[in-house]
Amino acid sequence: MVLEWTSPGLPSPLWPICDLRALDHFIKKAQEAESAMRSCKEECSLAEPLTVPQPSVDFNAWRKKNAQQQAQEVQSGLWLLSQALRSLKSSLSNTTLHSHIDNNLGNIISIGQVLRSLGLPEYSPSEAGATVQDTWRVSSASALFQVHFNFLRGKVRLLISHAPACQQAIS
C-alpha cells in the first residue's frame, strides 16, 4: 500500500507551498528591515535613486490579467527589488544592515522557488531584454524596504494565494 502511495504517477500535494505562513515570515522580515533602516539616517540615504516596482495593486487591472501576466509582473518586481537591494548593500558599510539586506535577498530567492514550484512561468527582465513598467524611484533604504514590504503584502500574496495550483489544492 505504501508503494502505491509513493508511485511516481501520483501528484504530490501542493498545500505546503500554498500555505501563506512562509510568505508572512518574509513580510515580517521586510518590515523588520524597514524599521532598522528608519533608524539609519545619513548612511542609509542613497546617492542615486533606485528603481523599484510599483507596490500598490489596482485590483480591477489585476483581475483582468491572466496568471502568466501576473507572474511576469511579480517576477519583474522581485528582480527589481533584488537589484535595488544589491545596490543598497554595496553602498552601506554597516554590517548589521547588511544582514537585513542578505536575509531579504535570500527571501526573494525563496519566493522565486515557491513560484517555480507552483508551475508559474519564469520571467526575468534581464534575460528577456525587456523593461519593467510601473516603477517608482526611492532615495532611501527605508523607502526601499517599505516598497519591498508592500509589494510582498500585495502582489506577491495575491499571486500565490490565487495560483491555479493552490486553487486545485483547496478544492
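Described below are features of the structure shown in this document. (Residues numbered from 1 in each chain as written. Predicted model: local features only at pLDDT ≥ 70, side-chain atom pairs only at ≥ 80, totals over all residues. Heavy atoms only, no water.)

Time to look at the state of the cysteines. Two cysteines form a disulfide when their sulfur atoms are joined by a covalent bond. Per the counting criterion, the structure on display carries 1 disulfide. Each sulfur in the disulfide pair Cys 18 and Cys 166 lies 2.0 Å from the other. Judged by the sign of its S-S torsion, about -95 degrees, the bond between Cys 18 and Cys 166 is left-handed. Taken as a pair, Cys 18 in helix α2 (residues 15–18) and Cys 166 in helix α9 (residues 164–170) lie far apart in primary sequence, 148 residues in all. For the pair formed by Cys 18 and Cys 166, the shared burial category is buried. (Disulfide = S-S within 2.5 Å. Helix = DSSP H or I, 4+ residues; strand = E, 2+ residues; numbered from the N terminus. Buried < 20%, exposed > 50% of the residue type's maximum accessible area, 1.4 Å probe, protein only.)

The next subject is the pattern of salt bridges. Taken as a whole and judged by the stated rule, the model has 8 salt bridges. With its nearest N and O atoms 3.7 Å apart, the salt bridge here joins Glu 34 to Arg 38. Linking Glu 34 with Arg 38, this pair stays in helix α3 (residues 21–38), spanning 4 residues, or about one helical turn. A relative accessible area of 9% means that Glu 34 is categorised as buried. (Salt bridge = Lys/Arg side-chain N within 4 Å of Asp/Glu carboxyl O.)

Every α-helix carries 3.6 residues per turn, so stepping three or four residues along brings you back to the same face. In this model, helix α5 (residues 67–91) (25 residues) spans 36 Å end to end at C-alpha, consistent with the 36 Å of a helix rising 1.5 Å per residue. Capping the start of α5 is the job of one residue whose side-chain oxygen sits 3.0 Å from the backbone nitrogen of Gln 68: Asn 66. (Expected span 1.5 Å × (residues − 1). Polar contact = N/O pair within 3.5 Å; in protein donor to acceptor, adjacent residues only side chain to side chain.)

Where α5 contacts helix α6 (residues 95–117), the axes come no closer than 10 Å and their chain directions differ by 160 degrees. With respect to their mutual orientation, α5 and α6 come out roughly antiparallel. Considering only the axes of α5 and α6, their crossing is left-handed. From α5, Val 74, Gln 75, Leu 78, Leu 81, Ser 82, Leu 85, Arg 86, Leu 88 and Lys 89 reach across to α6, where they touch His 98, Ile 101, Asp 102, Asn 104, Leu 105, Ile 108, Ile 111 and Leu 115. (Axes fitted to C-alpha atoms, helices over the stretch in contact; angles between N-to-C directions. Parallel < 35°, antiparallel > 145°, perpendicular 65-115°, else oblique. Left-handed = near helix turned anticlockwise from the far one by under 90°. Contact = heavy atoms within 4.5 Å.)

It is worth spelling out the packing of α5 against helix α8 (residues 141–161) at this point. Taken N-terminus to C-terminus, the directions of α5 and α8 make an angle of 160 degrees; their axes are 11 Å apart at the nearest point. Overall, the two elements α5 and α8 adopt an arrangement that is roughly antiparallel. The chirality of how α5 crosses α8 is left-handed. In this structure, α5 uses Ala 67, Gln 70, Ala 71, Glu 73, Val 74, Gly 77, Leu 78, Leu 81, Ala 84, Leu 85 and Leu 88 to contact α8, whose residues at the interface are Ala 141, Leu 144, Phe 145, Val 147, His 148, Phe 151, Leu 152, Lys 155, Val 156 and Leu 159. Its residues assigned to classes, the contact of α5 with α8 shows 16 nonpolar, 3 polar and 2 charged. (Nonpolar A, V, L, I, M, F, W, Y, C, P; charged D, E, K, R; others polar.)

Assignment of secondary structure puts Ser 76 in helix α5. In this structure the side chain of Ser 76 is engaged in a polar contact, spanning 2.7 Å, whose partner is the backbone oxygen of Gln 72.

Our next topic: the environment of Pro 53. With respect to the helices and strands, the residue Pro 53 is situated in strand β1 (residues 45–53). The exposure class of Pro 53 is buried, given its relative accessible area of 4%. Separated by 26 residues in sequence, Pro 53 and Trp 79 have C-alpha atoms that sit 9.1 Å apart. Those residues in contact with Pro 53 that lie beyond four places of it in its chain are Gly 77, Leu 80, Leu 81, Asp 134, Thr 135, Trp 136, Val 147 and Phe 151.

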